[in-house]
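Residues per chain, in single letters:
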Amino acid sequence: MNVKLLLFSLLLIAPFAIKAQSVEISASEPDAKIIVDGQPLGTGNLKIKVPKNSCVDVKVQKSGFLKYEQTFCNKKGMADPPRKQFFDMKKDDAEEASIKTDQANIDFSIEVNKKQDPTDVWKRVNQIVTDYFDAIEVADKETSYLRTAWSIQTFMQNTIRTRLIIKLAKSDPLTYKVKLVSEYSGSALTSVKADELFHDWDRVLRKYQNVISDFTTRLGNQ
């Protein structure tokens, strides 16, 4: 009798036992990479298995688009993974607001046109800077050194900070070194003071793309 009761109980439980679940992953971008637990397994569309009592991490990525990540778990007491998961990918707003350039984070030498009055040059330097930046952090006319405060802009998945550094390269001929510093954090709403979270970016926001050329045009021998 006990054996029959045990068998009957097992039959009742069996249909509810945890088993591997399938999830069909698809993305609006057919060439988007689908990465499962760190391994690139396909593009655009992929069916994955979520083993019983486990979780699977899925990332969907494409250059120029926002990154997507979702974890699917197949564990007792947790909601079952969906049979299908569609990722409607959006353009990376930080990339759309910027351009790729070789002018970021590099010192550019600007030789001042000898026809310009030396007493007006530093004033003109400040005018160019304030055309692009709201706040100057350091400005020392005696040493010809200027540094703006960080200008920060946050995006859906990124934070960009930008500043300009100008220093005297040599006095004869009068030459300045101009550096447009452009850095990214890879996360939204990063504090501008969190230096350890920012890294050099090989892009600059579009509103700063003409800084170097303006210095060359308005100060140099152009």
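Residues numbered from 1 in each chain as written. Predicted model: local features only at pLDDT ≥ 70, side-chain atom pairs only at ≥ 80, totals over all residues. Heavy atoms only, no water.

## A closer look at the overall build of the chain
Test applied: What counts as a helix is a DSSP run of H or I of at least four residues, what counts as a strand is a run of E of at least two, and both are numbered from the N terminus. Two things to know: the radius of gyration comes from C-alpha atoms, and the globule rule equals 2.2 Å times the number of residues to the power 0.38. For every residue, the accessible area (1.4 Å probe, protein chains only) is compared with the maximum for its type, and the residue is labelled buried under 20%, exposed over 50%, or partly exposed between those bounds. The contact criterion used is simple: two residues touch if any of their non-hydrogen atoms lie within 4.5 Å. Each accessible area is a Shrake-Rupley estimate made with a 1.4 Å probe; only the visible protein chains count as cover when residues are assessed. Residues scored as charged are limited to Lys and Arg (positive) and Asp and Glu (negative), so that His and the chain ends carry no count. Charge coordinates come from a single atom per side chain, which is NZ of Lys, CZ of Arg, CG of Asp or CD of Glu.
Counting its regular elements, the chain contains 4 helices and 16 strands. Relative to its length of 222 residues, the chain is extended, with a C-alpha radius of gyration of 28 Å against a globular reference of 17 Å. Viewed in the frame of its principal axes, the chain has a C-alpha envelope of about 110 × 30 × 25 Å. For the chain, buried positions account for 36% of its 222 residues. By sequence separation, contacts in the chain at least 24 residues apart represent 56% of the contacts at least 6 residues apart. About 13700 Å² of surface is accessible on the chain, with carbon and sulfur atoms providing 51% of the total. Each charge class in the chain was averaged separately, 33 positive and 29 negative side chains, and the resulting centres sit 8 Å apart.

## Notes on the pairing of strand β13 (residues 159-171)
Regular strands have side chains that alternate between both faces of the sheet. We apply this condition: Paired strands, in this sense, are two strands between which DSSP finds at least two bridges.
Alignment of strand β11 (residues 145-148) against β13, held across 2 bridges, turns out to be antiparallel. In the strand pairing of β13, Arg-147 is matched with Ile-165. In the sheet, strand β12 (residues 151-154) pairs with β13 via 4 bridges, with the strands oriented antiparallel. Bridge pairing links Ser-151 to Thr-162 in β13. Counting the residues in the hairpin turn of β12 and β13 gives 4 residues. Sheet topology note: the β13/strand β14 (residues 174-184) ladder contains 11 bridges and is antiparallel. Within β14, the residue paired with Lys-167 across the bridge is Lys-177. The antiparallel pairing of β13 with β14 creates a hairpin that spans 2 residues between the two strands.

## Observations regarding the state of the cysteines
For the record, the criterion: In this description, a disulfide is simply a cysteine sulfur pair whose atoms lie within 2.5 Å.
Going through the model one piece at a time under the given rule, you end up with 1 disulfide. Between the sulfur atoms of Cys-55 and its disulfide mate Cys-73 the distance is 1.9 Å. Measuring handedness by torsion sign, the sulfur bridge of Cys-55 and Cys-73 sits at about 110° and is right-handed. With a gap of 18 residues between them, Cys-55 in strand β5 (residues 54-61) and Cys-73 in strand β6 (residues 68-74) connect regions that are remote in the sequence. For Cys-55, a relative accessible area of 32% puts it in the partly exposed group. A residue is classified by how much of its surface remains accessible, and Cys-73, at 14% relative accessible area, is buried.

## Overview of the packing of aromatic side chains
So the rule is basically this: Between 30 and 60 degrees the pair is tilted, below 30 it is stacked and above 60 it is edge-to-face, where a pair is any two Phe, Tyr or Trp rings, Trp via its six-membered ring, whose centres lie within 6.5 Å. Look at NZ for Lys and CZ for Arg. If either is within 6 Å of the ring centre and within 35 degrees of the ring normal, a charge sits over the ring.
A full pass over the atoms with the stated rule returns 3 aromatic pairs. Centroid distance Trp-122 to Tyr-176: 6.2 Å. Interplanar angle 35°. Geometry classified as tilted. Of this pair, Trp-122 sits in helix α3 (residues 118-132) while Tyr-176 is found in strand β14, placing the two residues 54 residues apart along the sequence. The same class applies to Trp-122 and to Tyr-176, which are both buried. Directly above the ring of Phe-198 sits Arg-161, whose terminal nitrogen or CZ lies 4.3 Å from the centroid. Cation over ring: Arg-163 sits above Trp-150, and NZ or CZ is 4.3 Å from the ring centre.

## Points about the sheet that holds strand β4 (residues 45-50)
Formally: Here, axes are lines fitted to C-alpha atoms. For helices the fit covers the stretch in contact, and angles between N-to-C directions go from 0 to 180 degrees.
Strands sit in the order β4-β1-β7 across an open sheet of 3 strands; the sheet is mixed. The two strands at the open ends of the sheet, each matched to only one other strand, are β4 and β7 (84-87). Across the sheet, the mean angle from the axis of one strand to that of its neighbour is 25°, orientation sign disregarded. For strand β1 (residues 21-27) and β7, the ladder comprises 4 bridges, and the chain directions are parallel. In the strand pairing of β7, Glu-24 is matched with Lys-84.

## Description of the environment of Thr-101
Mapped onto the elements of the fold, Thr-101 is located in the loop between β8 (98-100) and β9 (107-111). In this structure, the C-alpha to C-alpha distance between Thr-101 and Ile-34, residues 67 residues apart in sequence, is 29 Å. Setting aside anything within four residues of it in sequence, one finds Thr-101 in contact with Asp-202, Arg-203 and Val-204.

## Some words on the side chain of Asn-105
Secondary-structure assignment places Asn-105 in the loop between β8 and β9. Contact partners of Asn-105, with chain neighbours within four places excluded, come to Lys-179, Leu-180, Val-181, Ser-182, Asp-200 and Trp-201.

None of the figures reported here should be taken as evidence of function without further support.
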